[in-house]
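The residues making up each chain are set out below.
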Amino acid sequence: MKNKKFPENTERIKRRIIEMGANLVGIADVNDLRDLKVYPTDLLKPFARAISIAVQLPIAIFDTISDRPSSLYNHFYKISNSILDEIALRISVVLQNEGFSSLPIPTSDYVDKENFYGSISHKAVARMAGLGWQGKNLLIITPQFGSRVRLVTVLTTALLLPDVPIKNRCGDCMLCRDVCPAKAIKGVNTEDHYKDRNEALHFSKCLEKLAEFMEIPGISGRLCGICIRVCPFGRKRKGIKDEI
Ligand code: B12
C-alpha cells in the first residue's frame, strides 16, 4: 500500500471490513488517543491508526429485554463478540500481508479486573473514529443503530485516512436515565467525553445491578441492555412493519 494512495486504500480496507460482516467502520489517528489510559502503557507506541469496527445487534433482540436482560441477548452478545474478534483478526492479517503491523484488541477483555479496565477503551476509539458520540449512558451512540452496537479495535501502522468525531446529539433526551433499574445514570451530557465514568454514572450502582442480574438463570456475564433498548437513535426501521 503506497502512502500517496491514501483515500483509495482507506476505502478499500473499509469495504473489506464491511464485507466481512461489520456494520460500521471508522479510522482514528493514534495521536488523538494519547491521553487515553492504555495497558500496557506503551500499547499505542508502534501504531499510527486505530480502526474502530462495529457490529449491530437487531432491535428485536433488545425488545426481549424487559426490566432485566434476556437469555436471548446473553446468547447473541457473545456471538457478536465472536464476529467482531474474527473480523479484527482477519483484517489484521490482511494489513500485515500488505506490509503493516496490525494488532487486534479483543472485544471484551478486562486487563484490570479489580477496576474494570480493558487494555484500551473501544468507546474512546469509536468516538475519535467518528462512529458515534458518548451518550448519557456512557456508551457509544451511533446515529444509525443507537447504542445497539458492539465494538472492536485494530491498531495498525497503515496510514489510513482518519475520520472526524461527530457531535453529541442526545439533547434533552433522558430515556436511558429514566429507565435504568439501578438509577445509575445521572443524565449529564458531554460535548466530547466524560473525564471519569463517575461523571456520567453512579458506577457502583450499575455494578451492583449487573451482579444481581448475573444470578438470573441463562445470564452468564455482566449484562443489562436496558439503557440500550430505549435509545431512540436507529429505532425507526426502514421497510420493516411492526404490524401486518
Ligand atoms: C470493563 C467493562 C465493563 C465494566 C465497566 C464499564 C465501564 N464503563 O468502564 C462493566 C462490567 C460495568 C460494564 C458494563 C457494561 N458494558 Co462493558 N465493557 C467493559 C470493557 C471490557 C472495558 C471498558 C473500560 O476499559 N472502561 C474504562 C473506562 C474509564 O473507560 P470507558 O468506559 O470507555 O469511558 C471513558 C472513555 O471512553 C473516555 N473517552 C471517550 N472518548 C475519549 C476520547 C479521548 C481522546 C480520551 C482520552 C478519552 C475518551 O471517557 C470515558 C470516561 O473516562 C469494554 C470493552 C473495551 N475494551 O472497551 C466493554 C464495553 C464498554 N461494554 C459494553 C457494554 C455494551 C456494556 C453494558 C451495556 C453491558 C451489556 N453488554 O449489556 C454495560 C453498560 C455499563 C455502562 N453504562 O457503562 C460495550 C459498549 C458498546 C457501546 N455501544 O458503547 C463495550 C465497548 C464492549 C464491546 N466490545 O462492545 N462493562
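The notes below deal with the structure included here. (Residues numbered from 1 in each chain as written. Predicted model: local features only at pLDDT ≥ 70, side-chain atom pairs only at ≥ 80, totals over all residues. Heavy atoms only, no water.)

### As for the overall build of the chain
The helix and strand tally for the chain stands at eight helices and six strands. What you see in the chain, going N to C, is helices and strands ordered as α-β-β-α-α-β-α-β-β-β-α-α-α-α. Principal axes of the C-alpha set define a box for the chain whose edges measure 50 × 45 × 35 Å. Counting only residues that meet the buried cut, the chain has 45% of its 244 residues in that class. Split by element, the accessible area of the chain, about 12,900 Å² in all, is 53% carbon and sulfur. Seen as two clouds, the 36 positive and the 27 negative side-chain charges of the chain have centres 3 Å apart. (Helix = DSSP H or I, 4+ residues; strand = E, 2+ residues; numbered from the N terminus. Buried < 20%, exposed > 50% of the residue type's maximum accessible area, 1.4 Å probe, protein only. Areas by Shrake-Rupley, 256 points an atom, 1.4 Å probe, with all protein chains shown as cover. Lys, Arg positive; Asp, Glu negative; His and termini not counted. Charge placed at Lys NZ, Arg CZ, Asp CG, Glu CD.)

### Here we look at the packing of helix α1 (residues 6–19) against helix α3 (residues 71–97)
For the pair α1 and α3, the least separation of the axes is 10 Å and the interaxial angle reads 145°. The crossing of α1 and α3 is right-handed. Contacts between α1 and α3 pair I13, R16 and I17 from the former with I87, I91, V94 and L95 from the latter. A breakdown of the residues in the contact of α1 with α3 according to their chemical character gives six nonpolar, no polar and one charged. (Axes fitted to C-alpha atoms, helices over the stretch in contact; angles between N-to-C directions. Left-handed = near helix turned anticlockwise from the far one by under 90°. Contact = heavy atoms within 4.5 Å. Nonpolar A, V, L, I, M, F, W, Y, C, P; charged D, E, K, R; others polar.)

### Overview of the side chain of K14
Assignment of secondary structure puts K14 in helix α1. Leave out the neighbours within four places in its chain, and K14 touches V25, G26, I27 and D163.

### Quick look at α3
With 27 residues, α3 ought to run about 39 Å at 1.5 Å a step, and its terminal C-alpha atoms sit 40 Å apart, in line with that. For α3, the set of buried residues is Y73, N74, Y77, S80, N81, L84, I87, A88, I91, S92, V94 and L95. Tucked into the core, α3 has its buried residues touching α1, β2 (49–56), α2 (59–62), β3 (102–105), β6 (149–156) and α8 (226–229). G99 sits one or two residues past α3 and shows a positive phi near 100°. (Expected span 1.5 Å × (residues − 1).)

### Overview of the packing of aromatic side chains
Within the structure shown, the criterion is met by six aromatic pairs. Relative to Y73, the ring of F62 lies with its centre 5.1 Å away and its plane at 50°, an arrangement referred to as tilted. Here F62 is found in helix α2, whereas its partner Y73 is found in helix α3, with 11 residues between them in sequence. Judged on exposure class, the residue F62 and its partner Y73 are both buried. (Phe/Tyr/Trp six-rings, centres within 6.5 Å; stacked < 30°, edge-to-face > 60°.)

All we've got here are geometric facts, nothing functional implied.
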